[in-house]
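# Fold and contact review
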Amino acid sequence: RPIVTNGGAMTTSIRRAQFLRGDFNGRRSAPRPPWALPFEAFYDRCTRCDACRSACPRGLIRPGVGGFPAVVFDRAACNFCAACVAACTTGALNPTLAGSAPWTVKAHIEDHCLSVRGVLCRVCAEHCEARAIRFRPSVGGRAQPLIDAIRCTGCGACRSVCPERAVVLIETAAAPVT
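It should be emphasised that the depicted structure is a prediction, and the values quoted were computed from it without experimental measurement. (Residues numbered from 1 in each chain as written. Predicted model: local features only at pLDDT ≥ 70, side-chain atom pairs only at ≥ 80, totals over all residues. Heavy atoms only, no water.)

A word on the overall build of the chain. Along the backbone of the chain there are six helices and eight strands. Split into buried and exposed, the 178 residues of the chain put 40% on the buried side. Of the contacts made within the chain by residues no fewer than 6 positions apart, 59% connect residues no fewer than 24 positions apart. Counting every atom, the chain has about 9,700 Å² of accessible surface; 54% of that belongs to carbon and sulfur. (Helix = DSSP H or I, 4+ residues; strand = E, 2+ residues; numbered from the N terminus. Buried < 20%, exposed > 50% of the residue type's maximum accessible area, 1.4 Å probe, protein only. Contact = heavy atoms within 4.5 Å. Areas by Shrake-Rupley, 256 points an atom, 1.4 Å probe, with all protein chains shown as cover.)

Shown next, in the form of structure tokens:
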């Protein structure tokens, strides 16, 4: 995978398709379903059968790039019910990982956030059950959103309610291959 650097320091690892689409920071692609194997292993095992999509009770899993399943948080959050894992017969969504954290997806707030621009909005924090989003007062009365990466589960509740779609969910590290 290409490594994107920022002033010589590694910041993220992205797939070749992301690089070719200009997605240098890995923020344009929807995440794979919970408990998915790392990129290469997932794409090797996933047959694009749509079993995980059909099993998702919230309708979050949709065909993504190349027809592979992707989680889209435009209407709801993931409650990590593991129905997608149970439906996967190829092992692309690994049931042995179901006891571990579902993924390494974390929320990130981009610059077009209303609060960042000085407009009072805290809807993301109001919908975060994990209490991973808080607002830090700053000079001029603006409250800047902060995400506690340890508390953030990547459920997408903040993404689905953001009026500006300023919350993105980014895969922060690869899950172990089992």
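Residues other than glycine seldom take positive phi values, yet Trp35 does so here, at roughly 60°. On the basis of relative accessibility, which here comes to 5%, the residue Trp35 falls in the buried class.

For strand E8 (residues 167-171), the tally of buried residues reaches four of five residues, placing the bulk of the element in the interior. Direction of pairing for strand E5 (residues 105-109) relative to E8: antiparallel, over a ladder of five bridges. Within E8, the residue paired with Ala107 across the bridge is Leu169. (Pairing = 2+ DSSP bridges.)

A separate point is the pattern of salt bridges. Where charged atoms of side chains with opposite charge meet at close range, the side chains can pair. Going through the model one piece at a time under the given rule, you end up with five salt bridges. Of the charged contacts in the structure, one is a salt bridge between Glu164 and Arg117, with a shortest N-O distance of 3.7 Å. Of the two residues, Glu164 is situated in the loop between helix H6 (157-161) and E8 and Arg117 in the loop between E5 and helix H5 (123-126); the sequence distance between them amounts to 47 residues. Judged by its relative accessible area of 32%, Glu164 falls in the partly exposed class. (Salt bridge = Lys/Arg side-chain N within 4 Å of Asp/Glu carboxyl O.)

It is worth spelling out the confidence of the model for the chain at this point. Averaged over the chain, the pLDDT score is 83; the fraction of residues at 70 or greater is 79%. Averaged pLDDT values for the elements of the chain fall to 40 in strand E1 (residues 3-6) and rise to 97 in helix H3 (residues 51-55). Overall, residues 1-10 carries pLDDT values under 50, and its contacts beyond four positions in sequence, including any with other chains, amount to 21 contacts. Under a pLDDT of 50 for its full length, residues 174-178 has, in the predicted model, ten contacts with residues more than four places off or in other chains. (pLDDT = per-residue confidence, 0-100.)

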